[in-house]
Amino acid sequence: MSAADNNTCEMLMQLSHDLGREDRRLAILGEGNTSARLSIETFLVKASGSSLGTLKEQDLVECRFEPLLDLLDDQSANDESVGKALLASRVDQTSKRPSVEAMAHAFLLAQEGVNVVGHTHPIAVNQILCSPRAADFATKRTFPDEIVCCGVRSVLVPYVDPGLTLARTIRDGWNRHMSEFGQLPRIVLLQNHGLFAPAANAAGVMAATLMAVKAAEIFVGAAALGGPVFLPEGQVSRIESRPDEHHRRKALNL
């Protein structure tokens, strides 16, 4: 790897360790995965079965975008061809098998402005995503910093089979969000599953993920007291567009 690639590798390992900390309750055992763009042709992604909290350099796999993105439009693809494509996408054919979510990571990293992606299964968020209130959590906001770090709305996709079907469903939800709002989603919520945080850098992944967890904890607590009371859409738009909030995002390296 080049010096730049080594820096990206170190960054991704640190992000993975931060997301995998037991006290944060974002992922345990082999849950979750991370990725980072290396170039327009390749990216790093967590190997299947490895743990975020103890991720090592050999647990990161360099993959080519093209064969994985091609699968999204291949209507003849099945489990066997997906498995072959995952293995064939590896730059080093002796490296480990990439995560089954590598296709979703490839799509997200191919979007302008996205360089790093974190996928976790936070307990606080999943207790909502496994409930009838998932759409409320995705489309409404309860406090200003949730808007600053997680955006005016999250993409919500239904539970589907992990892997290729999930990558296609994320693509559809992402494109609808872009058409409606004209801005990058900061959180993609997966019903009965978890979340993806695509960002320009590791700080953005951490900020969106941790703020989504805080928002989930507030949502559940407020629901127990008869709420939540959501911010009006006009206030959400106002906070999103305020110059001081743009400055704060910049100061937070978001």
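The structure we're discussing is the one just above.
Just so we're clear, the structure is a prediction, and the values are computed from it rather than from any experiment. (Residues numbered from 1 in each chain as written. Predicted model: local features only at pLDDT ≥ 70, side-chain atom pairs only at ≥ 80, totals over all residues. Heavy atoms only, no water.)

Thoughts on the packing of helix H4 (residues 102–109) against helix H8 (residues 164–181)
Part 1 of the reasoning: Contact geometry for H4 and H8: axes closest at 7 Å, N-to-C directions at 25°. In terms of orientation, H4 lies roughly parallel with respect to H8. The two elements H4 and H8 cross, and the hand of that crossing is right-handed. On H8, the residues that touch Met-103, Ala-104, Phe-107 and Leu-108 of H4 are Leu-164, Ala-167, Ile-170, Arg-171, Trp-174 and Asn-175.
Part 2 of the reasoning: Its residues placed into classes, the contact of H4 with H8 shows 8 nonpolar, 1 polar and 1 charged. (Axes fitted to C-alpha atoms, helices over the stretch in contact; angles between N-to-C directions. Helix = DSSP H or I, 4+ residues; strand = E, 2+ residues; numbered from the N terminus. Parallel < 35°, antiparallel > 145°, perpendicular 65-115°, else oblique. Left-handed = near helix turned anticlockwise from the far one by under 90°. Contact = heavy atoms within 4.5 Å. Nonpolar A, V, L, I, M, F, W, Y, C, P; charged D, E, K, R; others polar.)

Quick look at the pattern of salt bridges
Part 1 of the reasoning: Scanning the entire structure with this criterion turns up 9 salt bridges.
Part 2 of the reasoning: Linking Lys-96 and Asp-59 is a salt bridge whose minimum nitrogen-to-oxygen distance equals 2.5 Å. Placement of Lys-96 in the loop between helix H3 (79–88) and H4 and of Asp-59 in the loop between strand E2 (42–46) and strand E3 (60–64) is noted, with a sequence separation of 37 residues between them.
Part 3 of the reasoning: Between Asp-73 and Arg-171 there is a salt bridge, with the nearest N and O atoms lying 2.9 Å from each other. Here Asp-73 is found in the loop between helix H2 (65–71) and H3, whereas its partner Arg-171 is found in helix H8, with 98 residues between them in sequence.
Part 4 of the reasoning: Judged by relative accessible area, Asp-73 falls into the exposed class, the value being 56%.
Part 5 of the reasoning: The buried category is assigned to Arg-171, whose relative accessible area is 18%.
Part 6 of the reasoning: One connected set of salt bridges, linked through shared partners, spans Arg-133, Asp-136 and Lys-140. (Salt bridge = Lys/Arg side-chain N within 4 Å of Asp/Glu carboxyl O. Buried < 20%, exposed > 50% of the residue type's maximum accessible area, 1.4 Å probe, protein only.)

Side note on empty space enclosed by the protein
Part 1 of the reasoning: Following the criterion strictly, the structure yields 1 cavity of 30 Å³ or more and no others.
Part 2 of the reasoning: Here the largest cavity is characterised by a volume of approximately 40 Å³.
Part 3 of the reasoning: Lining the largest cavity, in full, are Phe-137, Arg-141, Glu-146, Cys-150, Ser-154, Ile-187, Leu-189 and Ala-212.
Part 4 of the reasoning: Looking at the lining of the largest cavity residue by residue, the classes come out as 5 nonpolar, 1 polar and 2 charged. (1 Å grid on protein atoms, 1.4 Å probe; cavity = no way out; pocket = protein on both sides within 12 Å on 5 of 7 lines; lining within 4 Å. Points joined across faces, edges and corners; volume = space filled by probe spheres on them.)

A look at the sheet that holds strand E6 (residues 188–190)
Part 1 of the reasoning: With respect to topology, 7 strands assemble into an open sheet ordered E3-E2-E1-E4-E7-E6-E5, the strand pairing being mixed. Two strands bound the open sheet, and with one partner strand each, they are E3 and strand E5 (155–157). Pairwise comparison of adjacent strand axes, ignoring direction, gives a mean angle of 20° for this sheet.
Part 2 of the reasoning: Across 3 bridges, E6 lies against strand E7 (residues 194–199) in antiparallel orientation. Considered in E7, the bridge of Val-188 is made with Phe-196.
Part 3 of the reasoning: The strands touched by helix H9 (residues 202–224) are strand E4 (116–120) and E7; relative to E7, the strand with the most contacts, the crossing angle is about 145°. (Pairing = 2+ DSSP bridges.)

Taken by themselves, the reported measurements are silent on function.
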